[in-house]
Each structure stands twice: as structure tokens, then as C-alpha cells.
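Here's the letter readout for the chains.
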Amino acid sequence: MTEINPVTTLTREGDVAVLTLNSPPVNALSAQVREGLFNGFKAAAASDAKAVVLICEGRTFIAGADITEFGGGPTGAASVDDVQKIMESSPIPVIAAIHGTALGGGLEVALCAHYRVAVPSARLGLPEVALGLLPGAGGTQRLPRIVGVETALEMMTSGRHVPAPEAARLGLVDEIVEEGGLREGAVAFANKAVAEGKPLVKVSANNARLEAAKGHPEIFAAFRKANARKFRGFVAPESNIRCIEAAVNSATFAEGMAEEHRLFRELMAGPQSAAQRYYFFAERQANKIPDVPADTPVRPIRKVGIIGAGTMGGGIAMNFANAGIPVVIVEVQEVALTRGLGVVRANYERTASRGGLTAEQVATRTGLITGSLEMSALADVDLVIEAVFERMDIKKEIFAKLDGLCRPGAILATNTSYLDIDEIASATKRPQDVIGMHFFSPANVMKLLEVVRADATAKDVIATVMKFAKQIGKIGVLVGVCNGFVGNRMLKQRQNEAQKLMLEGAMPWDIDRVLFDFGFPMGPFAMSDLAGLDVGWVKENSKSATVRDVLCEMDRRGQKTGAGFYDYDAERNAKPSPVTEGIIKDFMARTGAKPRAVSDAEILERTIFPLINEGAKILEEGKAIRASDIDVVWVNGYGWPVYRGGPMYYADQIGLPKVLAKMQEFQAAMGDEFKPASLLERLVAEGKTFADFKV
Ligand code: 3HC
């Protein structure tokens with residue numbers, strides 16, 4: 001064995017040299033890795049080996065460029081391009097042996113091997129778009145040369161990790177080898193390549209798939225049109241598309257590469273990629289809890305119980321069934337239980353009818369969810385999640401019962417979205433086992449899980465729930481007990497301001513447009529219409545006290561009744577409503593309010609800055625561990641555009657002095673509800689940012 005450098009070794013298996021890379025955690029292409037690969041391939045070519053296999057140790061093949069190095073100066077080490085050139089021009093066959101994930105720069109390196117073999121569980125992809133980037137190491141030029149233009153467009157703009165069997169069908173992988181037998185399989189493939197005199201395939205020289213797309217600009221036009229909604233606001237998808245266009249239209253590979261490099265540099269220098277890279281690390285940081293170390297033991301979760309078969313309970317149950325964990329749902333009334341289980345089944349069947357699940361998967365998943373009318377069905381579960389309606393007395397009664405019947409050590413969670421979890425826990429004699437698991441609706445779709453730590457919650461309960469969140473495909477963020485926790489507490493500020501602005505002269509569609517253009521999927525009024533204006537509205541008690549009351553009294557209850565703040569046509573397209581405008585104006589006349597012109601800039605500042613100010617209060621009260629956790633909540637739970645990082649990151653970018661000055665201006669004009677958070681004042685005085693803040 002020859003040690004090339006601390007992360008690469010070269011060994012021999014008969015005629016085949018095996019270059020092994022071991023650079024935890026994910027073998028990213030750091031300077032040291034690039035140096036090791038370059039010198040390793042050089043040494044292999046200089047030896048009498050007849051082929052060389054590149055394989056990685058640890059959990060994965062190369063997962064991409066080293067994102068932590070972005071923005072740094074030149075390192076003097078071999079570049080990715082140097083590594084790729086030495087591979088592609090190697091005089092002996094180079095075989096990439098892939099397990100785990102070959103992503104971004106990792107796949108781009110693999111595309112410079114002459115052949116690729118992979119285990120069935122491996123996944124391959126170019127996910128740079130998620131970082132606001134494009135594959136900048138030739139991926140945009142090589143991928144379409146193998147998989148064709150349409151597939152390359154889809155893969156690069158979605159960043160999807162393609163499973164190895166599919167990659168093999170696409171020609172991206174030449175051979176699937178047995179799971180657990182990657183090294184032997186790759187060496188066998190190399191020996192076969194030598195024995196059969198297989199050609200040294202250079203993907204960059206293979207133009208056949210591109211020729212097929214030449215003179216067909218409609219492929220790109222159709223793709224742009226079909227995805228316009230999905231790409232709205234993002235710059236990277238369009239740059240990815242342009243690179244593939246360049247691959248098709250350039251006279252040479254080098255010309256396409258030049259366009260790739262130009263667009264890559266442009267994205268890398270822009271604000272969106274900076275925000276998306278920030279967000280990548282923010283999401284991973286959220287898993288780190290200062291007083292709950294990574295090695296905290298976790299409690300086993302083999303079976304889950306859910307109380308309440310409503311929309312929330314059913315959606316939560318689906319998460320566990322999807323992860324293969326049996327769930328029992330407990331309801332009081334048989335009709336409600338039957339209806340709830342029926343909704344779950346219908347959800348699965350709808351997914352299946354769109355090709356998202358096989359009939360067998362539907363059967364397995366629905367088979368994992370059982371119903372019961374008896375609380376005693378929860379006696380053997382490891383985790384129970386209460387998802388009944390928001391009444392403290394009912395929740396306390398339920399937790400007292402759980403205390404009596406659940407086995408010792410079972411985790412008792414509540415899905416409350418604002419109630420005091422310490423008070424709920426006080427109904428038990430085991431408050432250390434009580435925690436909040438605040439799912440977002442629809443619970444089987446939304447990625448966010450606010451994990452709410454109460455005063456007595458045990459550390460291993462926190463560790464278990466955070467780890468389990470990942471297992472069921474959620475992004476867990478640890479927050480503290482306060483009204484509305486992190487997300488809804490901040491949202492309330494935005495909602496209040498939107499309502500107030502409406503009564504000052506801004507129309508609902510103006511407010512919605514500003515927030516939509518900022519990047520939210522929809523504004524607060526469109527959202528209310530979608531959810532139904534009558535959520536929480538009681539006809540008998542309604543006294544035309546708010547615009548919403550008046551709308552509901554007129555049976556304008558939102559999309560479902562064909563009208564709410566907006567008017568809707570048969571296809572549910574929203575139109576600004578003269579009726580609503582009239583109601584608002586009447587309402588203002590009644591209360592003596594005089595309409596004034598409200599600028600778009602004011603709408604944005606009035607709805608966003610108080611929300612940020614609330615985030616600052618949350619931070620100083622210790623209800624979130626760090627500013628980036630708040631950003632993770634907003635991106636995943638509230639549609640904050642990831643290319644703006646999150647509200648706290650956004651505030652840091654526009655400058656805290658600007659946010660503070662505006663809040664002071666609002667406070668002077670409209671009162672103390674705009675009083676700046678003392679943390680905001682302090683950070684500005686110290687010339688610091690939210691990112692600098694540590695509890
Ligand atoms: N660079 C630097 N660090 C990375 C990294 C990368 N490309 N990918 C992952 N890491 C780090 C994470 O920050 C994390 O660090 P931590 O333990 O200190 O928090 C650690 O590796 C493990 O990552 P995860 O917690 O995400 O582990 P998982 O097992 O859940 O997921 C993964 C592994 C699927 C590889 C996931 O980490 C991932 O998606 N990574 C990013 C892949 C990517 O985007 N690659 C493209 C990079 S850009 C590029 O290649 C440009 C090129 O075209 C020029």
C-alpha cells in the first residue's frame with residue numbers, strides 16, 4: 001500500500017490499482033482531496049497497473065466540492081479540472097466505484113472516469129441548483145452528453161438524487177454490482193475492461209445525444225414554460241438551462257465549458273447563492289444543541305400512538321407509516337375514526353394514482369396504521385402524539401390519562417401550536433417525558449417540525465425526537481415554550497400588520513402582491529381564502545366587527561364558497577373583488593379611518609420588520625438557540641424564499657441599523673407595539689449582526 005497523502009492510498013489487486021479516498025464526513029473535494037486524487041492517478045498511470053479504480057471509504061462517494069472552501073482564495077493545490085484531466089486522459093481505464101451519494105463535483109469527477117459502477121443503494125445527482133449554483137466542473141456539458149438534454153434539464157434544475165438502478169437505465173452507470181461487494185465488483189469490471197480491450201470512453205467527446213437536440217429550441221422553451229412557477233424568483237435554474245443550451249449550440253466542448261464557467265462565476269458572486277449556501281449549513285446547524293451532545297443516548301421508537309384522527313392526526317400518522325413504523329390512532333367516536341382512516345387511505349390512493357406509490361406500497365403503509373376507540377391501545381407505544389383541538393382542559397385530561405396508562409419511558413408529545421406545554425406536562429407525574437412536536441399542515445407534506453422543549457423535558461427525549469424527525473423526513477428545530485413558539489409568534493406580527501394596512505388604504509391584493517413578489521408562495525389574504533375565512537368564526541357571535549366578519553356574514557368564506565377577500569372563477573383563479581373593496585371602504589368610513597396611499601416599500605417594511613423584531617425578542621428570551629434556527633423555521637414552515645436565506649439572515653443583509661431605524665420611525669408614528677427589541681438595539685450599538693449572536 002502506498003500512502004499518497006493523509007486522505008488517499010494506492011493499493012493493488014492484481015493488475016488493477018485501487019485509489020482509495022478517505023476524507024470524512026463526505027469525501028468532499030477539499031484541497032487535500034484534490035491533491036491526493038491528482039497524485040494518486042499520476043502514480044497509478046506511472047505504475048504497471050492495467051486499470052485504476054477510484055473508490056471511497058466511509059458513508060459515501062465524493063459528495064461534491066467542499067462548500068466550506070467557497071469564497072476562499074486559491075489554495076495552490078491541484079484543481080478539480082487538473083484531477084479531471086488526468087483521469088480523462090489516463091492511458092489505462094479509470095473506473096469510478098460509487099456508493100452512498102455521488103453528488104455535484106463528485107459526480108462531475110466520476111463523469112471523467114471512463115466507466116462507472118455502483119451499488120444499488122447509491123444515488124447520483126447534480127444538486128448545485130439547491131445551493132443557487134450550477135455544476136461548475138463540466139457537469140452541465142457532460143451530463144446531457146450521456147443522458148440527453150431533457151433528462152439533464154430535469155436532473156439539474158431539480159437537483160434530484162437519482163437512484164443507481166435508474167442511473168444505469170440512463171447510461172450514467174455502466175454496471176450495478178452487488179451491495180457490499182463494491183470493491184470486488186469494480187475490480188472485476190476493470191479486469192473485464194482490460195481483457196475485452198474496452199475503449200477509454202471520454203464523455204466530453206460523445207456528441208450524439210446533443211446532435212439530436214440541435215435545431216430544436218422548442219425543447220428549452222417548453223421546459224421553461226412548464227416550470228415557470230417552480231422556478232419563480234430563483235436565478236440558478238435559468239443559468240443551468242442556459243448551460244445545457246450552450247452544450248447543444250456550441251461548436252466545441254471547450255466553448256460550452258467557457259459558458260459554464262462564466263455563468264458559474266456569476267452565480268457564485270450573487271446574493272442568492274450566498275443565501276442558499278448559508279441556508280445549507282443553517283439546516284445542519286439546527287441539529288446541534290449545545291447542552292444535548294450528539295452522543296446523547298436515544299430511546300427506541302418502535303411503535304407510535306396518535307390521539308385524534310382529524311386532518312392533523314392523520315397527516316402525522318402518514319409520516320410514521322411512510323418510514324415503516326406502526327402507528328395506532330385513537331379517537332373517541334367511531335365515525336370520526338372511520339372518517340380519519342378513510343382520509344389517510346384516500347391520500348395514499350391519490351398519490352398512487354399519480355404514479356407516486358405502487359399498490360403494494362399503499363397496502364403496506366395503510367396496513368401500518370390501525371385505529372382504536374380505547375386509550376388503552378396506547379399502553380405499549382414508545383411515543384404518543386396528542387393532536388386534538390386546542391383546549392388546555394382537554395389536553396390536561398388526556399395527559400393525566402396517558403400518565404396512568406403509558407409504559408415508563410414512553411415519550412408523551414403534544415402537537416399544540418401555541419398552548420403552554422409546561423402546564424400540559426404538569427398534569428403528569430413525568431414532566432421529563434413531555435415534549436412538543438409541532439407539525440405543520442399538511443403534516444405529511446410540510447418539512448418543518450418545531451420540537452418544543454418544556455422546562456423539565458429530559459435531554460434524551462430531545463435527542464430522540466430530533467433524531468426521529470430526520471428519520472421521518474422532517475427538519476426538526478428546537479424551540480422553547482412561548483405563545484405560538486417561533487413560527488406562529490412571528491407570523492402573528494405579519495398578519496396584524498397586513499390587517500392594519502388594509503384599514504389604512506392598501507387593498508388585500510396590493511399587500512399579497514408585494515409579499516408574493518418578495519418570494520412567498522402567496523400573500524396573507526390569498527392564504528386566508530385558501531384556508532377558509534370561517535376557521536374560528538362563529539356565526540351566532542358575529543357582529544360585523546371586522547372585515548372578515550362581514551365577509552363571512554355575506555357567505556364569502558374563501559375559495560370554497562367561490563368568494564372571500566377575492567372573487568374566484570370556476571377554475572379558482574383569484575380576481576380583486578369590487579365587493580371586498582366596497583366592504584373595506586364602508587368599514588373604514590364607519591370607523592372614521594381616512595384612506596391614504598400606501599407604497600409597496602411600506603407594505604414590505606410594515607409586514608416584514610415587525611416579524612424580524614419579534615424574532616429578535618425570541619432570540620433574547622432564549623426561545624430559539626440561534627438566529628439561523630429561526631431562518632430554518634421560516635423557510636420550511638412559512639414559505640420564506642430560500643434565496644433570501646430567512647428573516648434573520650435577510651435582516652443582517654439589509655443591515656440591522658436600517659431595521660432598527662424603521663421600527664423607531666413606526667414606533668414614533670404608531671405606538672409602542674413597534675418598540676424595537678432590546679437585542680436589536682444592542683446589536684446595532686455594538687455593530688453586530690444576528691449571526692454574531694450567541695446565547
Ligand atoms: N462540503 C462541505 N461539507 C459538506 C458537504 C460539502 N459538499 N456536504 C456535506 N457536508 C458536511 C455537512 O455540513 C455535515 O457537517 P456537520 O456534520 O459538521 O454538520 C456533514 O458533512 C454531514 O452532512 P449531512 O448532515 O448532510 O449528512 P447526510 O448523511 O444527511 O447527507 C449528503 C449527506 C447527502 C452528502 C448531504 O450532506 C448533501 O446533500 N451534501 C451536499 C451535496 C452537494 O450539494 N454537493 C454539491 C456541492 S457544490 C459543487 O460540487 C460545485 C461543483 O459543481 C463545482
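Residue numbers restart at each chain and count upward from 1, following the sequence in its written direction. Per-residue local features are limited, in this predicted model, to residues with pLDDT of at least 70; the limit for side-chain atom pairs, both in listing and counting, is 80 or more; totals at the level of whole chains, interfaces and linings are taken over all residues. To get the side-chain values, all heavy atoms of the structure are used, and hydrogens and water are removed first.

**Focus: the pairing of strand E4 (residues 51-56)**
Partly exposed describes any residue whose relative accessible area lies between the buried limit of under 20% and the exposed limit of over 50%, with all areas from a 1.4 Å probe on protein chains only and scaled to the type maximum. Here a helix means four or more residues in a row that DSSP labels H or I, a strand means two or more in a row labelled E, and each is numbered from the N terminus. In terms of burial, E4 is largely enclosed, as six of its six residues are buried. A two-sided burial pattern is seen for E4, the buried positions comprising Ala51, Val53 and Ile55 on one face and Val52, Leu54 and Cys56 on the other. When DSSP finds at least two bridges between two strands, those strands are taken to pair. The pairing of strand E3 (residues 16-21) with E4 spans six bridges and is parallel. When the bridges of E4 are listed, Leu21 appears paired with Cys56. A crossover connection joins E3 to the parallel E4 through helix H1 (residues 31-46); in handedness this β-α-β unit is right-handed. In terms of strand pairing, E4 meets strand E5 (residues 94-98) through three bridges, oriented parallel. In the sheet register, Leu54 faces E5, and the bridge partner there is Ala96. When the strands point away from the viewer and the path from the first strand over the helix to the second turns clockwise, the crossover is right-handed. Assessed by its sense of winding, the connection that carries the chain from E4 through helix H2 (residues 80-88) to E5 is right-handed.

**Considering the domain arrangement of the protein chain**
Domain annotation for the protein chain reports domain 1 (2-267), domain 2 (304-483) and domain 3 (531-591). Centre-to-centre, using C-alpha coordinates, domain 2 lies 34 Å away from domain 3. For the purposes of this description, domain bounds are those given by an automatic or database domain assignment.

**Looking at the environment of Gly104**
Here Gly104 shows up in the loop between strand E6 (101-103) and helix H3 (105-110). Linking Gly104 and Gly159, residues 55 residues apart in sequence, is a C-alpha distance of 9.0 Å. Between two residues, a contact is recorded if the distance between any of their heavy atoms is within 4.5 Å. Not counting residues within four places of it along the chain, the set of residues in contact with Gly104 comprises Gly64, Gly125, Leu126, Pro127 and Glu128.

**Considering the packing of helix H24 (residues 600-620) against helix H26 (residues 647-654)**
Packed helix pairs are specified by the crossing angle of their axes together with the interaxial distance, meaning the distance between the axes. Lines are fitted to the C-alpha atoms to define the axes, a helix being fitted only along its stretch in contact, and any angle between axes, read from their N-to-C directions, falls within 0 to 180 degrees. Running from N to C, H24 and H26 point in directions that differ by 110°, and their axes come no closer than 10 Å. Classified by the interaxial angle, the pair formed by H24 and H26 is roughly perpendicular. Where H24 approaches H26, its residues Leu604, Ile608, Phe609, Leu611, Ile612, Gly615, Ala616 and Leu619 are matched on the opposing element by Pro647, Met648, Tyr650, Ala651 and Ile654. Only Asp, Glu, Lys and Arg are considered charged in this grouping, and only Ala, Val, Leu, Ile, Met, Phe, Trp, Tyr, Cys and Pro are considered nonpolar; every other residue, Gly among them, is considered polar. In terms of residue class, the contact of H24 with H26 is made up of 12 nonpolar, one polar and no charged. Working rule for angles: under 35 degrees goes down as roughly parallel, over 145 as roughly antiparallel, 65 to 115 as roughly perpendicular, anything else as oblique.

**A few points about the nonpolar core**
Within this scheme, the nonpolar core is defined by two criteria: the residues are buried Ala, Val, Leu, Ile, Met, Phe, Trp, Tyr or Cys, and they are joined through side-chain atoms within 4.5 Å. Counting residues in each nonpolar core, the largest one holds 95 residues, and the members touching the most others are Leu402, Ile608, Ile612, Trp634 and Phe690. The greatest single-element share of this core, amounting to nine residues, is contributed by H24. Here this core spans two domains, and each of domain 2 (304-483) and domain 3 (531-591) adds at least three residues to it. Leaving out residues up to four positions away in the same chain, Leu402 has contacts with Ile307, Met375, Leu378, Val384, Leu412 and Arg430.

**Examining the sheet that holds strand E13 (residues 369-372)**
Here we have eight strands laid out as an open sheet, ordered E13-E12-E11-E14-E15-E16-E17-E18, and mixed in their pairing. The strands lining the two open edges of the sheet, one partner per strand, are E13 and strand E18 (475-480). Recorded for the sheet is a direction-independent mean angle of 25° between the axes of neighbouring strands. Pairing of strand E11 (residues 304-307) with strand E12 (residues 327-330) involves four bridges; the strand directions are parallel. Within the sheet, the bridge partner assigned to Gly305 lies in E12 and is Val328. Packing of helix H14 (residues 334-353) onto the sheet brings it into contact with E12 and E13, and relative to E13 it is tilted by some 170°.

**Some points on the site of the ligand**
Being near a molecule or strand, for a residue, comes down to having at least one heavy atom within 4 Å of it. Near the ligand you find 25 residues, and of these Ala65, Glu108, Glu128, Arg284 and Lys288 are the closest. Between the ligand and Arg59 there is a distance of 2.8 Å, counted from an oxygen atom to a side-chain nitrogen or oxygen. As used in this structure description, the phrase polar contact means that two N or O atoms lie within 3.5 Å; if the pair is within protein, one of them must be able to donate a hydrogen and the other to accept it, and residues adjacent in sequence are counted only when both atoms belong to side chains. In the model, an oxygen atom of the ligand is placed 2.6 Å from a nitrogen or oxygen of the Arg284 side chain. If the ligand stood free it would expose 990 Å²; the protein chains cover 78% of that surface. With three residues, helix H12 (residues 271-285) is the largest single contributor of residues to the shell around the ligand. A class-by-class count of the residues in the shell around the ligand yields 13 nonpolar, five polar and seven charged. All accessibility values rest on the Shrake-Rupley procedure with a 1.4 Å probe; residue burial counts only the protein chains present in the view.

**With respect to the packing of aromatic side chains**
Working definition: an aromatic ring pair is given by the centre-to-centre distance plus the angle between the planes. Working definition: rings of Phe, Tyr and Trp (its six-membered ring) pair if their centres are within 6.5 Å, and the pair is stacked with planes under 30 degrees apart, edge-to-face with planes over 60 apart, and tilted otherwise. If you walk through the whole model with that rule in mind, you get 18 aromatic pairs. Ring geometry for Phe280 versus Phe281: centroids 5.1 Å apart, planes at 85°, classification edge-to-face. Owing to a relative accessible area of 35%, Phe281 belongs among the partly exposed residues under this scheme. When the ring of Phe525 is compared with that of Phe565, the centres are 4.8 Å apart and the planes differ by 75°; the resulting orientation is edge-to-face. Linking Phe525 in helix H21 (residues 524-531) with Phe565 in the loop between helix H22 (547-553) and strand E19 (566-568), this pair joins segments that are 40 residues apart in sequence. Taking the relative accessible area as the measure of exposure, Phe565 reaches 2% and is therefore buried. Three or more aromatic residues link up through ring pairs in this structure, and these residues are Phe440, Phe518, Phe520, Trp634, Tyr638, Trp640 and Tyr650. Here, over-ring charges are defined by two tests on the NZ atom of lysine or the CZ atom of arginine: distance to the ring centre within 6 Å, and angle to the ring normal within 35 degrees. Over the face of the ring belonging to Phe516 we find Arg232, whose NZ or CZ atom lies 3.4 Å from the ring centre.

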